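Listed below, chain by chain, are the residues.
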Amino acid sequence: AGADALRADLAGRRVVISAGGTREPLDPVRYLGNRSSGKQGWALARVAAARGADVTLVAANVDLPAPFGVRVVPVGTAEELRAAMLEEAGSGGGAAADVVVMAAAVADFRPATVAATKLKKDSASEPDAVPLVRNPDVLAELVTKRTPGQVVVGFAAETGDADGDVLAHARAKLARKGCNLLVVNDVSGGGVFGRPDNAAVVLAADGTATDVPHGSKDAVAAAVWRAITPRLA
Ligand code: CTP
Ligand code: CA
């Protein structure tokens, strides 16, 4: 990782990374959210900036200072994250990014309606269920709208289950999403959320799988960049 940081091999490259976790409002004070801290996305941004890239972080509810030299675009909901990522990736016709990384935890569903005023409890009855609707799949849309030569990277936290092990689920997800690389975290043994360390397997659309040994999120970030750089045009 040290040697990688000394090379400005990403100079002139435009990199867009989503980080954190979306929050989907129920009313003016409440939301459905997740525990993603943004640390892995931040580490990816730090490594890329240190190697000379022009880096934008689309940050969903991240409570971390901006990495040196990195532009941060704050967003709240999945819809806001989608709009910012499509814009920054260049899918809308702006400057195209060379690399697009979806490290954010995007809520799969959001409340179907957002109350304009604070929801009140009714002392006489139990609450109604909250109807949910599906959020857009930002990664899949970025893949569909990928600009020529752009490398699109997804993340997935998986556990094995009756339908298959972690890698089987991950390979199916990579095929479903159509991205160039999928960084897979095995979360069977408990959460990685908020922790400084991580371990992963990087799956590539060409079938290769690269083990990333357990280490800091910076070390995982360096390994992810090692997988990305040979795929740049
Ligand atoms: N993702 C996205 N938009 C969504 C959901 C997920 O862009 N609405 C992205 C994530 O940022 C991540 C990748 O897709 O890079 C995989 O996320 P994951 O939650 O593992 O995949 P899902 O397709 O939502 O499948 P699952 O049912 O396992 O949650
Ligand atoms: Ca999901």
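Residues numbered from 1 in each chain as written. Chains lettered and ligands numbered in written order. Predicted model: local features only at pLDDT ≥ 70, side-chain atom pairs only at ≥ 80, totals over all residues. Heavy atoms only, no water.

Per an unreviewed UniProt entry, the protein chain is named Coenzyme A biosynthesis bifunctional protein CoaBC, and its organism is Geodermatophilus nigrescens.

Draft legend 1. Region of the structure containing the overall build of the protein chain. Assigned secondary structure in the protein chain consists of six helices and 12 strands. For 233 residues, the compact-globule formula gives about 17 Å, and the C-alpha radius of gyration of the protein chain, at 18 Å, lands near that figure. Expressed as lengths along the three principal axes of its C-alpha atoms, the size of the protein chain is roughly 65 × 40 × 30 Å. A burial count over the protein chain gives 44% of its 233 residues as buried. Contacts spanning at least 24 positions in sequence make up 65% of the contacts within the protein chain whose residues lie at least 6 apart. As displayed, the protein chain has an accessible area near 11700 Å², and 54% of this comes from carbon and sulfur atoms. For the protein chain, the separation between the mean place of its 26 positive charges and that of its 26 negative charges on side chains is 3 Å. (Helix = DSSP H or I, 4+ residues; strand = E, 2+ residues; numbered from the N terminus. Rg over C-alpha atoms; globule rule 2.2 N^0.38 Å. Buried < 20%, exposed > 50% of the residue type's maximum accessible area, 1.4 Å probe, protein only. Contact = heavy atoms within 4.5 Å. Areas by Shrake-Rupley, 256 points an atom, 1.4 Å probe, with all protein chains shown as cover. Lys, Arg positive; Asp, Glu negative; His and termini not counted. Charge placed at Lys NZ, Arg CZ, Asp CG, Glu CD.)

Draft legend 2. Molecular detail of the nonpolar core. Core analysis: the biggest nonpolar cluster contains 36 residues, and Ile17, Leu44, Val55, Val101, Trp225 and Ile228 have the highest contact counts within it. Mapped onto this core, the elements with two or more residues apiece are β1 (14-20), α2 (39-50), β4 (54-60), β6 (99-102), β9 (151-158), β10 (181-186), β11 (197-204) and α6 (217-228). Every residue in contact with Val101, bar those within four places of it in the chain, is listed here: Val16, Ile17, Ser18, Leu44, Met85, Val153, Phe155 and Ile228. Among the nonpolar cores identified, the runner-up in size contains 28 residues, and Val16, Val73, Val166 and Leu174 belong to it. (Core = buried A, V, L, I, M, F, W, Y, C linked by side-chain atoms within 4.5 Å.)

Draft legend 3. Just the UniProt feature "binding site: CTP" (unreviewed entry) in the protein chain, in detail. Taken from the UniProt record, the annotation "binding site: CTP" (unreviewed entry) applies to Asp108, Lys118, Pro136, Asp137, Val138, Leu139, Phe155, Lys173 and Lys177. In summary, the annotated positions, distributed over 70 residues, remain apart in three dimensions as well, the widest C-alpha pair reaching 38.0 Å. Mapping Pro136 onto the fold places it in the loop between β8 (132-134) and α4 (138-144). The contact partners of Pro136, leaving out residues within four places of it in the chain, are Glu79, Arg82 and Arg110. Summarising the element assignment, Lys173 is placed in helix α5 (residues 166-177). The exposure class of Lys173 is buried, given its relative accessible area of 19%. Residue contacts for Lys173: discarding those within four places in its chain leaves Ala156, Glu158 and Leu182. (UniProt positions renumbered as here; feature names shortened; annotations may be inferred.)

Draft legend 4. Summary view of the coordination of the calcium ion (ligand 2). Those protein atoms acting as donors to the calcium ion (ligand 2) are Asp108 (OD) and Asp108 (OD), and they sit at 2.5 Å. Relative to the assigned elements, Asp108 resides in the loop between β6 and β7 (109-111). (Donors = N, O, S within 2.8 Å, 3.2 Å for Na, K, Ca; no water.)

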